[in-house]
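# Examination of the molecular architecture
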Amino acid sequence: MSFHTKFATVASGLALSLAAGLAQADVLFWSTQANPVEEQQAMRDQVLATHDDAVDYQSNEAGAWLTRLQAELQANSGSIGLLGALHGNFSAMNPDDLVDLSDLGLQSSSDTFNNLAMLGSDSLQYMPWMQASYIMAASRDSLQYLPEGADINALTYDQLIEWAATVHEAAGEPKFGFPAGPKGLKHRFFQGYLYPSYTNGVVRTFASDKAVIAWEKFKELWAHTNPASTNFSFMQEQLLSGDAWIVFDHTSRLAQAFNERPDDFVAFPAPAGPEGRGFMPVLAGIAIPRTAPDMEASKALLAHMMKPETQIATLKATNFFPVVDVTLPDDLPPSVKAAGDAVARMSSAADANPGLLPAGLGSKGGDFNRVFVDTFERIVLAGQPVEAVLQDQKRRLEAIMSETGAPCWAPDAPSEGACPVE
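Reading the values: rules and limits
- The numbering scheme is per chain: residues are counted from 1 as the chain's sequence reads.
- In view of the model being predicted, local features appear only for residues whose pLDDT reaches at least 70, and side-chain atom pairs are presented and counted only at 80 or more, with totals across whole chains, interfaces and linings using the full set of residues.
- Hydrogens and water are ignored here; the side-chain numbers use all heavy atoms of the structure.
- Only protein chains enter the calculation, and the probe is 1.4 Å; a residue is then buried if its accessible area is under 20% of its type maximum, exposed if over 50%, and partly exposed in between.
- Numbering of helices and strands runs from the N terminus; a helix is a DSSP stretch of H or I covering at least four residues, while a strand is a stretch of E covering at least two.
- Stacked, tilted and edge-to-face pairs are distinguished by plane angle, under 30 degrees for stacked and over 60 for edge-to-face with tilted covering the rest, among Phe, Tyr and Trp rings (Trp via its six-membered ring) whose centres lie within 6.5 Å.
- Only when the NZ of Lys or the CZ of Arg is both within 6 Å of the ring centre and within 35 degrees of the ring normal is a charge said to sit over the ring.
- Only when DSSP finds a minimum of two bridges between them are two strands counted as paired.
- The criterion used for residue contact is that any of the two residues' heavy atoms lie within 4.5 Å.
- As a rule, the C-alpha atoms of each element are fitted with a line to give its axis, helices using only the stretch in contact, and angles between N-to-C directions run from 0 to 180 degrees.
- We place a 1 Å grid over just the protein atoms. Points where a 1.4 Å probe fits but has no way out form a cavity, open points with protein on both sides within 12 Å along at least 5 of 7 lines form a pocket, and any residue with an atom within 4 Å of a point lines it.
- Grid points are joined across faces, edges and corners, and a volume is the space filled by probe spheres set on the points.
- In the scheme used here, Gly and all other residues not listed as nonpolar or charged are polar, with Ala, Val, Leu, Ile, Met, Phe, Trp, Tyr, Cys and Pro taken as nonpolar and Asp, Glu, Lys and Arg as charged.

### Digging into helix 7 (residues 186–199)
With 14 of 14 residues buried, helix 7 is to be regarded as a mostly interior element. Backbone geometry just downstream of helix 7 places Asn200 in the positive-phi region, at approximately 55 degrees.

### Details of the packing of aromatic side chains
Each aromatic ring pair is characterised by the separation of its centres together with the angle its planes make. Tallying each qualifying case throughout the model produces 34 aromatic pairs. Aromatic side chains Phe190 and Trp215 sit 4.9 Å apart centroid to centroid with 40 degrees between the ring planes, which places their arrangement in the tilted category. You can see Phe190 sitting in helix 7 and its partner Trp215 sitting in helix 8 (residues 209–222), a full 25 residues away along the chain. Each of the two residues, Phe190 as well as Trp215, counts as buried. Judged by its relative accessible area of 0%, Phe190 is buried. In this arrangement the basic side chain of Arg68 is found over the ring face of Trp30, its NZ or CZ atom lying 4.9 Å from the centre. Its guanidinium or amino end placed over the ring of Phe234, Arg253 lies 4.1 Å from that ring's centre, counting from NZ or CZ.

### A closer look at unusual backbone geometry
Pro411 follows Ala410 through a cis peptide bond whose omega is 10 degrees. By the secondary structure assignment, Pro411 is in the segment after helix 15 (386–404). Backbone geometry at Leu119 places phi at a positive 55 degrees, although glycine is not the residue there. Looking at where Leu119 falls in the secondary structure, it is placed in the loop between helix 5 (111–116) and strand 4 (127–132). Backbone geometry at Asn319 places phi at a positive 65 degrees, although glycine is not the residue there. Considering the arrangement of structural elements, one finds Asn319 in the loop between helix 12 (308–318) and helix 13 (334–348).

### Things to note about the sheet that holds strand 7 (residues 246–250)
Spatially, the four strands line up as an open sheet ordered 6-7-5-8, and their pairing is mixed. Because the sheet does not close on itself, it has two edges, and the strands there are strand 6 (176–177) and strand 8 (265–268). Note: strand 5 (residues 134–139) against strand 8, four bridges, orientation antiparallel. Residue pairing across strands places Ala138 opposite Val266, the latter belonging to strand 8. In the packing of helix 13 onto the sheet, contacts are made with strand 5 and strand 8, and the angle to strand 5 comes to roughly 125 degrees.

### Structural notes on the layout of surface pockets
Approximately 980 Å³ is the volume attributed to the largest pocket. Taken together, 36 residues line the largest pocket, and the ones lying closest to its centre are His87, Gly88, Ser91, Ala92 and Ala359. Where the lining of the largest pocket is concerned, the elements lending two or more residues are helix 4 (87–91), helix 5 and strand 10 (282–287). If you tally residues by element for the lining of the largest pocket, the top one is helix 4, at five residues. Approximately 320 Å³ is the volume attributed to the second largest pocket. Surrounding the second largest pocket, 18 residues form its lining, Val324, Val326, Gly340, Asp341 and Ala344 being those nearest its centre. Taken together, the residues that form the lining of the second largest pocket break down as eight nonpolar, seven polar and three charged.

This is how it looks when you write it as structure tokens:
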């Protein structure tokens, strides 16, 4: 065989190999989630290895994630097949850059999440993928003091206050526990739970008449709260010590109590107020960019991520909870099973009213949180007049929103430009 014949044969074979490689190219799953190395590996080994096609899972910080995505969109050509990110990342995008997923016949079991995923349009712009949140927990010994007729999975704030008062009387000391310590996540309670439940907003309604009622109600609850709560940051510690019998916190900050003494505690949804059951979902979604190189492969991977068995594998890999109906297996840690049930009940409740994580604030996020912490300290701890404090703090909040230009997020109504403090 001549050199030229050999070269032609090798070249032909190489071309065929390249063509085959291109035909079987891994689907690039470009994500901001499961960023730690061990979680990335768990995603590859436990979640994506069961998919029919090969997947290249790459997780990055939000800045790098957006930079590459924007470059592909501007070039009208790219290699990203599936996007994974938080709701806030998708809400900042042009909906036209995402493929409409309405015709896939898939959705989460939460109408609330499905509506959020439409991003204000009439079509499904991303698919709810997984969630985390903050919940309530209590010692089983406290259940005997629940108000008559109260359903622990559908409590109101008035019932919670009555329950805490009865426990206070029975125990001889206040036993509601709240993460008001230096590292506690108290600001998330006010932003995602109290304000949505009483005002159906958080920025627009900050100093409203309904907000005055919300703070007065929280003062009622504080009267039955362990005063040492100003030192509490991880409520699992107070559940285990008995310093608190009823608490609020992030699921991860309650895990130790359920894992050490699973038979002694119960987890349940946050209570509801006049405007619904406010809760703060940390909601991640998956979407297909309009520049995806193989639409069918992208849709197949998306469908795989929504299977109940894949959702459970994702839970094990990331500690984020499913958004579809699943039966949690017995081999999960007790904390995961307990919190998973409470999160599912909360997000799928008919009166669910999500207060999303603040978005668009950039470096002013800490200042935004400080407004709520200072308001709490002045009204609840220092006993200053509610209306006067809200009007004073309103000016600080207006300055932050004006400087950042951040538009409103749910449950506040959408805004053109900076979200107004009305």
